[in-house]
Amino acid sequence: MPPLSASRISGDLVEYLADSKPHPARVHSLFTRAFNLKVADGCLVSGTNSRGYIAPMGFSFQSLQTSGWPFSLDQELILHPGGVCSASGELLIDFSNAAIWNPSLATIYLPLEQQERCLHLLTRILAGSQNGIFTPLLPGIFGEELPSDLPLHAAFIAPRVFSFFGHLANSEWQAAALDSEGLIGFGSGLTPSADDFLAAILGLYTALPLDVKENKAGFSLVAERILELAPARTSLVSAEMLRHAANGRLPSPHQSLLAALDSGSVFEVEEAARAVLNVGVNSGGDFLFGLLAGLVLMAEAKMVLCDQIKEIDQC
Amino acid sequence: MALNDLFTQELKVINMGLESFHDELKSQHVQTVQVAWKPRAGGSQKMLSLLNKLKKVSSSKEKAG
Amino acid sequence: MLGALIRKNAYYDSVTLMLISQDLKEQAGVQEVLVGMGTELNLDLVRNLEMFSPELEPVGPNDMFIAAKFDEQQTSFQAIETAFDELISKKSADSNGNYQPPTLKSALRQLPDANLVQISIPGQYASAEVEEALNAGLHVMLFSDNVPIEDELRLKKKAVEKGLLLMGPDCGTAIINGVPLCFANAVKRGKIGVVGASGTGTQEVTTLIDKLGEGLSQVIGTGGRDLSEAVGGLMMLQGFDALITDPETEVIVLISKPPAAAVAKKIYDRAKTSPKPVVIDFIGGDAQAIREAGAYPCLSFEDAAAKAVALLRGEPVQDQDSLRMADSALEELLTAELGRLQPEQTKLLGLYTGGTLADEAMKFLGQKTAIYSNIPLSPELALENMPAAGGHLILDLGEDQFTRGRAHPMIDPLTRSEFFSSRVDGQTAIVLLDLVLGYGSHADPAKAVVQSVLEARARLAREGKDLVVVASVTGTDQDPQDLGSSTRTLKQAGIIVMPSNAQAVRLVSRMMEKMHSGAENGA
């Protein structure tokens, strides 16, 4: 069988493999449209053929390509800059035709009025989507009363979410860091809902411009705490997602959404948000919820990212 | 009229039958659910018409109730 | 009773985890079920609900767990575990990694605000599902064929009553709110609305509108029998009305084979009162009657697209009735292409995947010469009446007799490849074909055609012969197969690619005239 040809590969994976040493790995998990390989040093490398999707430390295939993956669960493999080989050296996945995709978030500058428009739009999309364990909590981030008949998971997590949210809003970073322990790993799904929520907030904060330094420095306390706790308190797949998000790397649909927010195009935001909602069953919704929470925080903290900041940044 | 309302809504599709149609919709980021359709009553026409009758009876009962 | 199980290092995607928990909850006797990764906080929730049992002690964040509370009178944990295993294995069997609800009703629980059901199950089962969908207030796209006409009439009446669309049976093409359904192309959104009873005809018109730089508001399908006496054009009229009311639509195009007289009259009456310009392509229908209704009749799908665009732009409306090629270029092309043929190569073979495009080709070419077909213009031209010595032949490869047991040739190009092998012989001069791109269609039909053409040419080369191949491509550059790259693939293999079926047919007509006169001169 000829090797599968990857169409895109993420820049951080290229860098990771650039030492030209063979990296022993093991097939960690297999899904119909994706798989994860666990490299000997503990990090995960993911492959997918979901259309348009690629994750940090990952690669992707043309959608609809492949009728199955060329390895089985727990199989020993070797990763090297040219691709993925079986233990006996047969090339299973070829990287040589792959275009490099940059997983890093660009800095986002959101003028106040644009923030409001994005808030409006995302709220409408999320509220209408029936997607996300956290979505029933939407009224809460706008300071409104929560419905009395919250679903099980939402009811359980609500006090913790709003405690975290409140501490962030008041720049009480220590307290927020402590709260994160009450969130990591909670919820259904392979990446538990709360982790999707946290990934959005981590991603958003890292993408802010340098000038909101004070907030960024404070927030890095929270981020560090999350990264410290994640390996023991959530699944490996999820812990890796959080680690990437805290370093400003998100999967392609999520990255496009942040870029779209910045572009100011309502059409692009809507399109990108819908693509995010298509990830997983609740994952996309919980990410959007996190993004909305982050946008509200920005607005409340008067983190007005105006054009002036942009100029300073670019100097 | 409901028809023109459709034109102002986001299209959300339930697909019953060829799964490739479902995949195509998903690839366009349209919300869609695939039904794992199997002939009802194991494909027996007689059972099918019986089932339909039963349904009619129960719905007319509901209305009457 | 409480029960729990752990699957060590087991990874299921989120969709599976969540839907399995939903399904387990619906098992008789089950009061509550939690399914998830064994993280500390998920266990907190389990404790909070007083569902923690000792089996959960060893769970870790990379393990999946199920915790259940159930009524031991009605079920046992073993039964729950068995149900779980069954759900998991059923789920892994399905091809795209998503849980699939078994009925329309359960699908609606998963997507409660669904507004359209797309049905392509075997026709004999379709009516019941359509009825259920309409009762639930859902619009229906019905791709299935072989639905009894009485059912069609009854269900369409119900749809009209409820203000719903029932597109079909046997409806292959629609674009609602910019979303292509079944077989449709990625066209721009815009101000031209279409109601079509012919799928490929609709695809041809909409892609040509796109190529001319305009877009579509809504494209509504009706199914091929809608304009018959029996069904009475219920859906065409319903769609027509909707487009008249739709603020996005400025020009309306109606496409169908010639309707029953009574139905045509209803449509003309409606056209007379339409405040928006109406273009009607009744493929060979009564042009005079259409004009009298204040609408614009058409000579071809290409003509329909051009007229709709002209009306939208306020430009003069002209008939597109000629081959758009400079005389000198045409002469050069004819000489070069026909020069490669041997004198005994005289026959035309049309291999169409789009039935209405085959029909369009026959209506034009059949004016001058007899064309045999499996969908003949008149009974004496039926395929089985073709003389043993051969004749001009145009086939609709999508008809039932050719597709039995396999997919439509727009999905499975192998059918056409087989016809290339069996029907192209030493008498064949020209092969005329269509390529229909878009959603639903095969991922690379151009490649399959090129392969067939190369094989046929290699075969003929042994007798010192060659083949002329003329194609048109129904598609846009935004289609998954990409119009531009499909066209290039064909051209690189020496296939003449024309900008529309009408243009391809007109070129073939000129080729046949030239061959005919050449043969006469030679004699």
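Because the structure is a prediction, the values reported are computed rather than measured.

Rules of the game
- Residue numbers restart at each chain and count upward from 1, following the sequence in its written direction.
- Key to labels: chains lettered from A, ligands numbered from 1, both in the order written.
- Predicted model: local features are reported for residues with pLDDT of at least 70 only, side-chain atom pairs are reported and counted for 80 or more only, and whole-chain, interface and lining totals are derived from all residues.
- In DSSP terms, a helix is any run of H or I states spanning at least four residues, a strand is any run of E spanning at least two, and both are numbered starting from the N terminus.
- Buried residues are those with 20 or more other C-beta atoms within 10 Å of their own C-beta, exposed residues have 12 or fewer, and partly exposed residues lie in between; C-beta atoms are placed from the backbone.
- Once C-beta atoms have been placed from the backbone, residue pairs whose C-beta atoms lie within 7 Å are recorded as contacts.
- At least two DSSP bridges between two strands are required for those strands to pair.
- Orient the strands so they point away from the viewer, and a crossover whose first-strand-to-second-strand path over the helix runs clockwise is right-handed.
- Ten residue types, Ala, Val, Leu, Ile, Met, Phe, Trp, Tyr, Cys and Pro, are classed as nonpolar, four, Asp, Glu, Lys and Arg, as charged, and the remainder, Gly among them, as polar.
- All axes here are fitted lines through C-alpha atoms, helices being fitted over the stretch that makes contact, and every angle between N-to-C directions spans 0 to 180 degrees.
- For this classification, under 35 degrees means roughly parallel, over 145 means roughly antiparallel, 65 to 115 means roughly perpendicular, and everything else is oblique.
- The nonpolar core criterion groups buried Ala, Val, Leu, Ile, Met, Phe, Trp, Tyr and Cys residues into a set whenever they are joined through C-beta atoms within 7 Å.
- Domain limits in this description derive from either an automatic procedure or a database domain assignment.
- The pLDDT score gives, residue by residue, the confidence of the prediction method on a 0 to 100 scale.
- The arc in question is formed by the directions pointing from the helix axis toward the C-beta atoms.
- In a helix, the anticipated span is given by 1.5 Å times the number of residues less one.
- Here the bend at each residue means the angle between axes fitted to two seven-residue stretches, the one ending at that residue and the one beginning there.

A tally of regular secondary structure across chain A gives twelve helices and ten strands. Here chain A, with 315 residues, has 48% of them falling under the buried criterion. Contacts in chain A between residues far apart in sequence, at least 24 positions, make up 65% of those at least 6 positions apart.

Another point: the overall build of chain C. Across its full length, chain C carries 18 helices and 19 strands. Within chain C, buried positions represent 53% of all 523 residues. By sequence separation, contacts in chain C at least 24 residues apart represent 69% of the contacts at least 6 residues apart.

Turning our eyes to something else, we now look at the pairing of strand β12 (residues 278–281) of chain C. Residue and element names in this part refer to chain C. Alternating positions in β12 separate into two faces, Val278 and Ile280 on one and Val279 and Asp281 on the other, with burial throughout. The pairing of strand β11 (residues 251–255) with β12 spans four bridges and is parallel. Its bridge partner lying in β12, Leu254 is registered against Ile280. Of the crossover connections in this fold, the one passing from β11 over helix α9 (residues 261–273) to the parallel β12 is right-handed. Two elements, β12 and strand β13 (residues 296–297), share two bridges in a ladder whose sense is parallel. If you follow Val279 over to β13, its bridge partner there is Tyr296. Handedness of the crossover joining β12 and β13 through helix α10 (residues 287–292) is recorded here as right-handed.

Before going further, it helps to examine the interface of chain C and chain B. Interfaces are often sized by the accessible area lost when the parts come together. In this assembly, 41 residues from chain C lie in contact with 32 residues from chain B. At the level of elements, α4 (104–110), β4 (116–119), α5 (123–135), β8 (179–182) and α8 (234–245) of chain C are the ones that each hand at least two residues to the side of chain C that touches chain B. The element best represented in the side of chain C that touches chain B is β4 of chain C, accounting for four residues. Taken together, the residues that form the side of chain C that touches chain B break down as 20 nonpolar, 16 polar and five charged.

Attention now moves to the interface of chain C and chain A. Listed by partner, the interface residues are 24 residues for chain C and 20 residues for chain A. Of all the secondary structure elements, the ones that give two or more residues to the side of chain C that touches chain A are α1 (14–25), β2 (30–37) and α2 (40–48) of chain C. Across the side of chain C that touches chain A, the residue classes tally to eleven nonpolar, ten polar and three charged.

Looking now at the packing of helix α16 (residues 445–461) of chain C against helix α17 (residues 483–492) of chain C. Residue and element names in this part refer to chain C. Closest axis-to-axis distance for the α16/α17 pair is 9 Å, and the angle between their directions is 5 degrees. Here α16 lies roughly parallel to α17, going by the angle between them. Of the residues in α17, those touching α16 at Ala446, Lys447, Val449 and Val450 are Ser486, Thr489 and Leu490. The residue inventory of the contact of α16 with α17, partitioned by class, reads four nonpolar, two polar and one charged.

A cis amide bond, omega 5 degrees, links Gly168 of chain C with the succeeding residue Pro169 of chain C. Along the polypeptide, Pro169 of chain C turns up in the loop between β6 (166–167) and β7 (173–176). The phi angle at His29 of chain B is positive, at roughly 60 degrees, despite the residue not being glycine. Mapped onto the secondary structure, His29 of chain B falls in the loop between α2 (19–27) and β2 (31–35). Even without glycine at this site, Asn146 of chain C takes up a positive phi of about 60 degrees. Along the chain, the position of Asn146 of chain C falls in the loop between β5 (139–142) and α6 (149–162). Accessibility expressed as a C-beta count within 10 Å gives 11 for Asn146 of chain C, which makes it exposed.

Turning to the environment of Cys182 of chain C, a few remarks are in order. If you trace the backbone, Cys182 of chain C turns up in strand β8. A residue is classified by how many C-beta atoms lie within 10 Å of it, and Cys182 of chain C, with 26 of them, is buried. Placed eleven residues apart in sequence, Cys182 of chain C and Cys171 of chain C show a C-alpha to C-alpha distance of 8.6 Å. Setting aside its immediate chain neighbours within four residues, Cys182 of chain C contacts Phe21 of chain B together with Gln118, Met141, Phe143, Gly172, Thr173 and Gly440 of chain C.

The five strands lie next to each other as β2(B)-β1(B)-β4(C)-β5(C)-β6(C), forming an open sheet whose pairing is parallel. Strand pairing shows two members of the sheet lacking a second neighbour, β2 of chain B together with β6 of chain C, which therefore form its edges.

Residues and elements named next belong to chain C. In terms of nonpolar packing, the biggest core is built from 150 residues, with Val140, Leu166, Val253, Val279 and Val508 touching the most fellow members. Domain assignment of the residues forming this core places at least three in each of domain 2 (171–313) and domain 3 (327–522). Once you skip the residues sitting within four places of it in the chain, Val508 turns out to touch Leu348, Leu365, Ile430, Leu432 and Val470.

Attention now moves to the sheet that holds strand β4 (residues 34–39) of chain A. Residues and elements named next belong to chain A. Read across the open sheet, the ten strands follow the order β1-β9-β8-β7-β3-β4-β5-β6-β2-β10; overall the sheet is mixed. Looking at which strands have only one partner, the edges of the open sheet turn out to be β1 (4–5) and β10 (99–101). Note that strand β3 (residues 23–30) and β4 share five bridges and pair antiparallel. Across the sheet, Val27 pairs through a bridge with Leu37, a residue of β4.

This part takes up the confidence of the model for chain C. All names here are of chain C. With 96% of its residues at a pLDDT of 70 or more, chain C shows a mean pLDDT of 91. Here residues 93–97 is modelled with pLDDT under 50, and outside its nearest four sequence neighbours on either side it reaches eleven contacts, counting other chains as well. The ipTM assigned to the predicted complex is 0.85, against a pTM of 0.59.

This part is about the packing of α5 of chain C against α6 of chain C. Residue and element names in this part refer to chain C. Here α5 crosses α6 at 10 degrees, and the two axes come no closer than 10 Å. Between α5 and α6, the angle is such that the two are roughly parallel. Between α5, through Ser127, Val130, Glu131 and Leu134, and α6, the contact on the second element is made entirely by Asp151, Leu155, Lys158, Ala159 and Lys162. Class assignment of the residues belonging to the contact of α5 with α6 gives a composition of four nonpolar, one polar and four charged.

Since the α-helix advances by 3.6 residues per turn, residues separated by three or four positions end up pointing in the same direction. All buried positions along helix α5 (residues 173–180) of chain A are accounted for by Ala176, Ala177, Asp179 and Ser180 of chain A. The buried residues of α5 of chain A all sit within an arc of 160 degrees when viewed along its axis, so they share a single face.

What follows concerns helix α4 (residues 152–169) of chain A. All names here are of chain A. Helix length check: α4 (18 residues) gives 26 Å between terminal C-alpha atoms against 26 Å at 1.5 Å per residue, within 8%. Most pronounced at Ala158, the bend in α4 amounts to some 45 degrees, and the proline Pro159 follows within four residues. The first or second residue beyond α4 is Ser171, which carries a positive phi of 55 degrees.

Okay, the pairing of β2 of chain B next. Here is the key point about a regular strand: its side chains alternate between the two faces of the sheet. All names here are of chain B. Burial of β2 is extensive: five of the five residues sit out of reach of the surface. A two-sided burial pattern is seen for β2, the buried positions comprising Gln31, Val33 and Val35 on one face and Thr32 and Gln34 on the other. Crossover handedness for the path strand β1 (residues 12–16) to α2 to β2: right-handed.

Before going further, it helps to examine the environment of Ile100 of chain A. Residue and element names in this part refer to chain A. Tracing the sequence through the fold places Ile100 in strand β10. Assessed through the 14 C-beta atoms surrounding it within 10 Å, Ile100 is described here as partly exposed. As a C-alpha pair, Ile100 and Gly11 span 89 residues in sequence and 5.7 Å in three-dimensional space. What Ile100 contacts, discounting residues up to four positions off in sequence, is Ile9, Gly11 and Val14.

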